[in-house]
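# Observations on chain architecture
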Amino acid sequence: MREYFDRLGSEVDTMWSAVGRRPERLSGIASDVLTEVPVPDCLDATAVLDSLVRDDGMPIQRLPSDPFGQPPTVMYFNEGLEVQVLTWLDGSTVIHDHGFDGAFRVAQGSSLHVEYSFLPSESFADGRLLIGELPMLSSEVLGIGDVRPIVSGAGFIHALFHLERPSLTIVVRNLSSETAGPQLEYRPPGMAFEDTRSEARLGMRLRGLQSLRRVDPDEADRAVRELVDTEDLWTGFRVIDFWFEQFGMDSGLRGALDVLGPRYGSLIPVLEAMLDEHGRRRRIIQRRSMLDQQPHRLLMALVANLLGGSAIQSAVEAIFPEEDPGEKVIGLIEEMASPAYRGASGLNLGPAELDTLRSLIRQHHMGEALHALGFEWNAPSLGDALRILEDRT
């Protein structure tokens with residue numbers, strides 16, 4: 001395995017140096033080398049993680065806070081060129097662009113790969129927060145051996161949702177591109193904002209706010225409203241987004257949005273719609289992590305990530321090529337809503353609701369039906385988690 005990564009990194013290094021290590025040339029070179037160099041049979045998540053744990057000769061690794069991968073493992077590093085292996089269990093990438101160039105290859109498992117474009121209409125917070133349209137351009141299911149280039153900047157906006165556990169992705173990249181601006185995260189229906197992991201002071205304030213809520217919820221609510229009211233818009237947005245991630249749409253968050261609304265009227269409807277959609281997706285992913293049946297997990301990944309009916313149907317056809325996509329989806333929904341699975345899936349549907357879903361899907365309204373169904377999934381409670389754990393043990 002180490003020989004493979006040494007060869008992979010060395011060949012990219014040599015070819016990239018021959019063109020002056022220009023960032024815009026790396027994606028093509030990395031794609032070609034990732035395609036041509038055969039991956040050894042021994043390369044899997046177990047081997048990679050075992051090397052990370054036991055091998056003292058590994059290159060310098062990334063910080064534990066790096067969110068891409070569970071974890072990311074650096075296998076080669078030289079003069080700004082890095083080869084990583086990303087292990088994924090239940091994780092997925094947010095919709096994002098890149099501040100670097102390179103390419104990736106699926107080495108284990110499979111992934112739902114979705115590309116987007118972003119059409120900005122208005123900017124806030126000195127350009128760090130944007131609203132606009134975020135149309136989906138394409139979706140595909142990537143399998144072992146598939147390679148895709150990574151191009152820095154807003155010309156390549158994408159997300160990967162890893163369909164199997166574990167999944168493994170090899171990434172060849174530079175540390176940063178000279179031409180790219182700040183890396184952005186994007187959220188439906190149409191919002192983009194800067195990557196915020198480097199803001200140590202704000203990060204500590206948010207951690208303090210989280211603990212304050214556990215100590216004194218009322219004081220935490222007041223603190224949230226005060227921060228949004230007195231700090232700059234960027235800080236207010238980060239506080240609102242963090243609070244929603246931790247506690248959902250509670251009274252503290254509603255109060256903060258009421259404070260923000262009079263000053264930034266055009267932002268608020270987009271922000272509220274973003275939070276609504278983000279919450280839908282997060283609840284589905286939480287429920288998905290409680291399910292063991294791979295077909296159920298696959299369907300929930302599609303519902304969480306694909307909003308268009310044709311995109312979902314195409315993905316179902318790719319994953320289950322021998323079956324009718326509509327009937328396959330209906331069968332999976334019926335299973336997840338059955339007594340055997342509804343405790344884990346959180347999908348509680350009566351006979352009339354199931355009939356309506358069957359009718360809509362058979363009338364070619366799969367996308368609309370599944371998107372509406374997505375709002376029926378509730379986040380698991382502690383009781384749900386304990387019951388599932390008891391069943392498994």
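Residues numbered from 1 in each chain as written. Predicted model: local features only at pLDDT ≥ 70, side-chain atom pairs only at ≥ 80, totals over all residues. Heavy atoms only, no water.

Each turn of an α-helix holds 3.6 residues, which means side chains three or four residues apart point in the same direction. Listing the buried residues of helix α7 (residues 251–260) in full gives Gly-252, Leu-253, Gly-255, Ala-256, Leu-257 and Leu-260. Those residues of α7 hidden inside the fold are in contact with α5 (217–230), α6 (233–247) and α8 (267–288). At the N-terminal boundary of α7, the capping side chain belongs to Asp-250, with an oxygen 3.2 Å from the backbone nitrogen of Gly-252. (Buried < 20%, exposed > 50% of the residue type's maximum accessible area, 1.4 Å probe, protein only. Helix = DSSP H or I, 4+ residues; strand = E, 2+ residues; numbered from the N terminus. Contact = heavy atoms within 4.5 Å. Polar contact = N/O pair within 3.5 Å; in protein donor to acceptor, adjacent residues only side chain to side chain.)

Next up on the list: empty space enclosed by the protein. Across all of its chains, the model carries one cavity of 30 Å³ or more by this definition. Roughly 40 Å³ of volume is contained in the largest cavity. Residue lining of the largest cavity: Ile-330, Ile-333, Glu-334, Leu-354, Leu-357, Arg-358 and Ile-361, and that is the complete set. For the lining of the largest cavity, the element with the highest residue contribution is helix α13 (residues 351–362), accounting for four residues. Here the residues of the lining of the largest cavity sort into five nonpolar, no polar and two charged. (1 Å grid on protein atoms, 1.4 Å probe; cavity = no way out; pocket = protein on both sides within 12 Å on 5 of 7 lines; lining within 4 Å. Points joined across faces, edges and corners; volume = space filled by probe spheres on them. Nonpolar A, V, L, I, M, F, W, Y, C, P; charged D, E, K, R; others polar.)

Turning our attention to the layout of surface pockets. Its boundaries defined by the atoms lining it, the second largest pocket holds a volume of some 470 Å³. What lines the second largest pocket is a set of 24 residues, among which Phe-68, His-98, Phe-100, Arg-173 and Gln-183 lie closest to the centre. Elements with a contribution of two residues or more to the lining of the second largest pocket: β2 (81–88), β3 (95–98), β10 (153–162) and β11 (167–174). When the residues that make up the lining of the second largest pocket are grouped by side-chain class, the tally is nine nonpolar, ten polar and five charged.

Neither face of strand β12 (residues 184–187) is left uncovered, since the one carrying Leu-184 and Tyr-186 and the one carrying Glu-185 and Arg-187 both have all their residues buried. Pairing between β3 and β12: two bridges, direction antiparallel. Looking at the pairing, Ile-95 lines up with Tyr-186 of β12. Summarising the sheet, β12 and strand β13 (residues 191–194) pair through four bridges and their orientation is antiparallel. Residue pairing for β13: Arg-187 is matched across the bridge by Met-191. The antiparallel pairing of β12 with β13 creates a hairpin that spans three residues between the two strands. (Pairing = 2+ DSSP bridges.)

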